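# An overview of the molecular structure
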Amino acid sequence: MRKIFAIPALALAVSLASCGGSETKTTAASSADSTTQEPASTTTETVPGIENVELSNTLKIEGNDQMKYDKDLFRVKAGEPVELTMKNVGTMPKESMGHNVVILKSGVDIPTFGGEAAAAASSEYIPKSSLSSIVAHTKLLGPGEEEKITFTLEKGVYTFLCSFPGHYGVMQGKIVAE
């Protein structure tokens, strides 16, 4: 009886292994195609929707208990002071749902920064090892708290995010300085 079941099981294993090989080749070809297309998009640095955003160096942003900013795209004039006001409009305690805004220099690896930030509880999730990657940041804000910061950006595209553990994946946006 065991021999009868062994033959179909072996045939199934062989057929699955041979199917997996063709998928791997297709995936490899797809990733090779995407790597050849990436350099063209990174050299132009276009941000979709930026043409619809008003140019202003006075920015207001809110974070809430749903781990969202109310705005994710800003347009500012490069070389002039930018005033950003961040408010936490949520009601959950700072220890479980605190928010901040961290403006990163261009080219910073977001997942790496997020991992370092998550380990920096003693400094309100601003990693001392990554200070050279940060343009400016607010303090970690609890419910109803707000803070105003001022900074200047050179021409370019900057990512901003919340560095509270787990938030950076959904709480982020772009500032385009032109």
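Remember, predicted model here, so these are calculated numbers, not experimental data.

## Observations regarding the overall build of the protein chain
When its secondary structure is counted, the protein chain shows three helices and eight strands. When the helices and strands of the protein chain are placed in sequence order, the string is α-β-β-β-α-β-α-β-β-β-β. Contacts in the protein chain between residues at least 24 apart in sequence constitute 69% of all its contacts with a sequence separation of at least 6. Working note: accessible area of the protein chain is about 10700 Å², and carbon and sulfur atoms make up 57% of it.

## Side note on the sheet that holds strand β4 (residues 102-104)
Strand order across the open sheet formed by five strands is β2-β8-β7-β4-β5, with mixed pairing between neighbours. Edge positions in the sheet fall to β2 (73-76) and β5 (134-137), since each has one partner strand and no second. Each adjacent strand pair in this sheet contributes to an overall mean axis angle of 25°, direction not counted. Summarising the sheet, strand β7 (residues 156-161) and strand β8 (residues 172-177) pair through six bridges and their orientation is antiparallel. Looking across to β8, one finds that G156 is bridged to A177.

## Focus: the packing of aromatic side chains
This model, assessed by the stated rule, comprises three aromatic pairs. Aromatic side chains Y69 and F160 sit 5.5 Å apart centroid to centroid with 55° between the ring planes, which places their arrangement in the tilted category. Placement of the pair is Y69 in the loop between β1 (58-63) and β2 and F160 in strand β7, with a sequence separation of 91 residues. F160 matches Y69 in its accessibility class, with the two residues each being buried. An angle of 65° between the planes, with centres 5.1 Å apart, marks the rings of Y125 and F164 as edge-to-face. Of this pair, Y125 sits in the loop between α3 (110-118) and β5 while F164 sits in the loop between β7 and β8, and the two are 39 residues apart along the sequence. Taking the relative accessible area as the measure of exposure, Y125 reaches 14% and is therefore buried. Of the aromatic side chains, those joined through ring pairs into one cluster are Y69, F74 and F160.

## Some remarks on the nonpolar core
Residues I103, F151 and I175 are the most contacted members of the largest nonpolar core, which totals 24 residues. When residues of this core are traced back to their parent elements, those giving at least two are β1, β2, β3 (81-88), β6 (146-152), β7 and β8. It is β3 that contributes the most residues to this core, three residues altogether. Beyond its immediate stretch of four places on either side in the chain, I103 contacts S133, I134, V135, A136, I149, F151, L153, Y158, T159, F160 and I175. Grouped together as the second largest cluster of nonpolar side chains are eight residues, F113, A117, I126 and I134 included.

## Points about the sheet that holds β6
Taking strand neighbours across the sheet as the criterion, the three strands line up as β1-β3-β6 in an open arrangement whose pairing is mixed. Strands with a single pairing partner mark the edges of an open sheet, and in this sheet they are β1 and β6. The mean angle between the axes of side-by-side strands here comes to 20°, regardless of whether they run parallel or antiparallel. Where β3 lies against β6, seven bridges are found, and the strand directions are antiparallel. Of the residues in β6, the one forming a bridge with L84 is I149.

Cut-offs applied
- Residues numbered from 1 in each chain as written.
- Predicted model: local features only at pLDDT ≥ 70, side-chain atom pairs only at ≥ 80, totals over all residues.
- Heavy atoms only, no water.
- Helix = DSSP H or I, 4+ residues; strand = E, 2+ residues; numbered from the N terminus.
- Contact = heavy atoms within 4.5 Å.
- Areas by Shrake-Rupley, 256 points an atom, 1.4 Å probe, with all protein chains shown as cover.
- Pairing = 2+ DSSP bridges.
- Axes fitted to C-alpha atoms, helices over the stretch in contact; angles between N-to-C directions.
- Phe/Tyr/Trp six-rings, centres within 6.5 Å; stacked < 30°, edge-to-face > 60°.
- Buried < 20%, exposed > 50% of the residue type's maximum accessible area, 1.4 Å probe, protein only.
- Core = buried A, V, L, I, M, F, W, Y, C linked by side-chain atoms within 4.5 Å.

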